[in-house]
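# Coordinates in review
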Amino acid sequence: MGYLRLDYLKLKEEEEHICNINISALLLTVRSSVTMTTKRGLITDSFKVVKKAKRVGKREKRPPPSPPREADKDSVRDEELQKLRQFDLDWRFGPCTGISRLQRWERAKLHDLNPPEEIRELLLQHIHTDPEYNQSLWSDYPL
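Residues numbered from 1 in each chain as written. Predicted model: local features only at pLDDT ≥ 70, side-chain atom pairs only at ≥ 80, totals over all residues. Heavy atoms only, no water.

### Details of the pattern of salt bridges
Inspection of the entire model under this criterion finds five salt bridges. For arginine 77, the salt bridge identified is with aspartate 130, shortest N-O distance 2.5 Å. Of the two residues, arginine 77 sits in helix H3 (residues 69-89) while aspartate 130 sits in the loop between helix H5 (117-125) and helix H6 (131-134), which places them 53 residues apart along the sequence. Among the residues examined, arginine 77 registers a relative accessible area of 28% and is labelled partly exposed. The class for aspartate 130 is buried, based on a relative accessible area of 16%. Close ionic contact of aspartate 90 with arginine 92 constitutes a salt bridge, the shortest N to O distance being 2.6 Å. (Salt bridge = Lys/Arg side-chain N within 4 Å of Asp/Glu carboxyl O. Helix = DSSP H or I, 4+ residues; strand = E, 2+ residues; numbered from the N terminus. Buried < 20%, exposed > 50% of the residue type's maximum accessible area, 1.4 Å probe, protein only.)

See the structure below:
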């Protein structure tokens with residue numbers, strides 16, 4: 001029975017010790033929460049400030065790369081062919097089936113229909129280089 005009494009006393013001491021530890025932790029928590037609420041800190045108080053190193057040499061700005069020359073040529077060609085198609089579709093200068101664009105322009109000039117000089121210049125620039133400039137929009141269709 002003596003052993004039981006000793007065990008009981010040891011348990012009692014451990015309980016008191018645990019209670020003391022819990023009370024100490026509770027007091028510490030209360031104190032820290034009181035200090036946390038009374039002091040308003042900055043975010044930099046909690047986190048280390050890291051400054052970036054300054055660059056020694058400045059980077060030079062380069063102009064954007066120019067588009068390829070072939071794209072410019074294609075867009076100019078497309079614009080020119082579009083003007084020629086508009087000339088083909090304009091019936092003020094007479095019918096265009098069965099003759100070239102330059103022949104149609106000359107016929108319109110002969111009959112005082114005032115065809116645009118720009119069309120003639122385009123046709124003379126490309127008369128021997130590109131058949132798409134010479135033939136009218138309707139050249140692929142039979143008469």
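Right, picking up where we left off after that structure.
### A closer look at the nonpolar core
Grouped together as the largest cluster of nonpolar side chains are 11 residues: Leu81, Leu84, Phe87, Phe93, Leu102, Trp105, Ala108, Ile119, Leu122, Leu123 and Tyr133. In contact with phenylalanine 93, not counting residues within four places along its chain, are Phe87, Arg104, Arg107, Ala108, Leu113, Asn114, Pro115 and Pro116. (Core = buried A, V, L, I, M, F, W, Y, C linked by side-chain atoms within 4.5 Å. Contact = heavy atoms within 4.5 Å.)

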